[in-house]
Amino acid sequence: MQRSIRWRLAILVPILLLLAWIAPSTRADQLTNARSQLAQSAERKAQALQQLARARDAVAALRLQVQTNSADLAILQQRTNNLEAAAGAQESALTTNLNDLLQQLQAAKSDLAQQQQRFSAQKAQAEQQRNDAIAALRSNATQIRTLDTQIASTQRDASALKDQVHQLDQEVETRSQAIDATLVQMYKLSQVSALDLILSAKSLSDGLSSLTMLGTLTQHDQIALQNLGNTRSLASHQHQLLSEQEASLQNFQDTLQADRQASEIEASDQQQLIQQLEQQLTTAQQTFSQQQKTLQASIDATHQKIAATRTQLSTAMAPIVGQQDTVLQIRQAIQQKLNQAQSQEAQAQREAQQAAADEAAAQSLIQRLQADASARLAQSSQVHSYQASGAPHFIWPVQGFVITQGFGPTSNWFEPPGFGYRHFHYGIDLAVPYGTPIHAAATGVVLHAGWLYGGYGICVIIAHNGTYSTLYAHMSSVNVRPNQIVQQGQTIGWVGMTGNTTGPHVHFEIRVNGTVVNPLDYV
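Residues numbered from 1 in each chain as written. Predicted model: local features only at pLDDT ≥ 70, side-chain atom pairs only at ≥ 80, totals over all residues. Heavy atoms only, no water.

1. Some thoughts on the overall build of the chain
Moving on, step 1. Counting secondary structure elements, the chain contains four helices and twelve strands.
Moving on, step 2. Counting over 523 residues, the chain shows a buried share of 35%.
Moving on, step 3. Taking as baseline every contact in the chain between residues at least 6 positions apart, the subset at least 24 positions apart corresponds to 76%.
Moving on, step 4. For the chain, the exposed area adds up to about 29400 Å²; of that, 53% sits on carbon and sulfur atoms. (Helix = DSSP H or I, 4+ residues; strand = E, 2+ residues; numbered from the N terminus. Buried < 20%, exposed > 50% of the residue type's maximum accessible area, 1.4 Å probe, protein only. Contact = heavy atoms within 4.5 Å. Areas by Shrake-Rupley, 256 points an atom, 1.4 Å probe, with all protein chains shown as cover.)

The structure is reproduced here in structure tokens:
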């Protein structure tokens, strides 16, 4: 509907302007129509501004909700950060303690490995020395057995030679005695004649044999005795050699026995060392095992503490996460509403701009009609002290006023945009008591007297010539009519609170060629 009205206005305004030039006889009706069109445009503009204001209020409220929601999220996030920081600090301390325990355990393992390596090396060396000693003992025992066999064989040989020497000594003794007897017999025979020897024999042949035997026996005994002496000397020498060999073997046996004792001592010492090393290794393993149990218990307890810390964090975070989800869902809903409100705000902004454009077109038409009316005013004999050209001399419409709002940018939401500002106050507000008379600032022709949309309420618009016009808004009632010529200082109405106002005052505007100017520069 509003687009249809704007389309119609876009066609109607140029037609009205054209008629203003073509038909001078109907300018009064045209001015009335233009004022009506201006009122409609102002009304539509006011409605659009109200919609825009409501949309902006909704956007502001939703943005405030977004800010509140963001603050809630920030608080929840801060609580989350605090919980995570506390849990992180606690877990960091526990992790540091855990790392220390693990390092201690690793150091204990390394120390045990070093001790095992050292003990193993020492044990291997001791076992090697023990095995060497055992091997020496075995070799020594073999040598001793062999030597015992040799000594026994030597002793047997020496004993046999000793017996042989003794036997030879007896044989030599017997042979010597026999030789001595033979010598004695031969000595005796040397005193008996051969004839007596023969005669004393049993027969002649025995006597001859005796004589022959005596000579032979003596020579044989000497040879035998010499042989026996040689044999005895050889046996005695061999016996001496065997005795010396036996003594040497005995000395070697004594050496082997000493070596055997030394090897036995070495083997025993190394065995004791091996036992000591094994005992030390066992002690070290037991110590490490106990240390490992203690450290592992501390490690397990630390792991449990870390797990408990994480469980506590999860438990504490669960309601916060739920609240965050809820707040995020609310935020999503608010954001959707905000998007809709912003869309409505943009639509209201476009409609307000279009209404402002329509209002500007209507004001342009009024200005043209105003210029024509001013021209007619200049020709009228009823106008006194009015100059058709040049700037009029303006007076204040009320006395004893207080300026509550000046000309220029403002933060009031209901003020329209202007001069590049979002909200701009087109005039100045003169605060006076309710019902105070309002006077014309200069002589001119009344263009409008009555309600004017756009927040002005009941107002009067006066054209002073083709260039200047004044506007008086928020009246309680008017005292003039359209097309009426008024004099400067004439009462045109009374102060009220109609339109957008927060107290009794008169809104006073001055326009030059339809553009608002600061009244302080002209009064």
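Once you've had a look at it, read on.
2. Observations regarding the nonpolar core
Moving on, step 1. The biggest cluster of nonpolar side chains holds 25 residues, and the ones touching the most others in it are Ile-438, Val-460, Ile-462, Tyr-472 and Ile-492.
Moving on, step 2. Within the residue set of this core, elements represented by two or more residues are β4 (428-431), β7 (457-463), β8 (468-478), β10 (491-495) and β11 (505-512).
Moving on, step 3. Ranked by residue count, the leading element in this core is β11, at four residues.
Moving on, step 4. Excluding its chain neighbours within four sequence positions, the residues that come into contact with Ile-492 are Ile-438, His-439, Ala-440, Val-460, Ile-462, Tyr-472, Met-475, Val-478, Asn-479 and Val-480.
Moving on, step 5. In terms of nonpolar packing, the next biggest core, distinct from the first, is built from 13 residues, Leu-94, Leu-98, Ala-108 and Ala-284 among them. (Core = buried A, V, L, I, M, F, W, Y, C linked by side-chain atoms within 4.5 Å.)

3. Structural notes on the confidence of the model for the chain
Moving on, step 1. Confidence in the prediction of the chain, expressed as mean pLDDT, is 77, and 74% of residues score 70 or more.
Moving on, step 2. Across residues 1-26 the pLDDT falls below 50, and counting only partners more than four positions away or on other chains, this stretch makes 26 contacts in the model. (pLDDT = per-residue confidence, 0-100.)

4. Quick look at the pattern of salt bridges
Moving on, step 1. Under the defined criterion, the tally for this structure stands at two salt bridges.
Moving on, step 2. With a shortest N-O distance of 2.4 Å, Arg-310 and Glu-91 are connected by a salt bridge. Taken together, the residues span a long stretch of sequence, with Arg-310 in helix α4 (residues 204-379) and Glu-91 in helix α2 (residues 27-190) at a distance of 219 residues.
Moving on, step 3. Residue classification places Arg-310 among the partly exposed positions, given a relative accessible area of 48%.
Moving on, step 4. Here Arg-511 makes a salt bridge to Glu-509, at a shortest N to O gap of 3.2 Å. The two residues Arg-511 and Glu-509 agree in class, both being buried. (Salt bridge = Lys/Arg side-chain N within 4 Å of Asp/Glu carboxyl O.)

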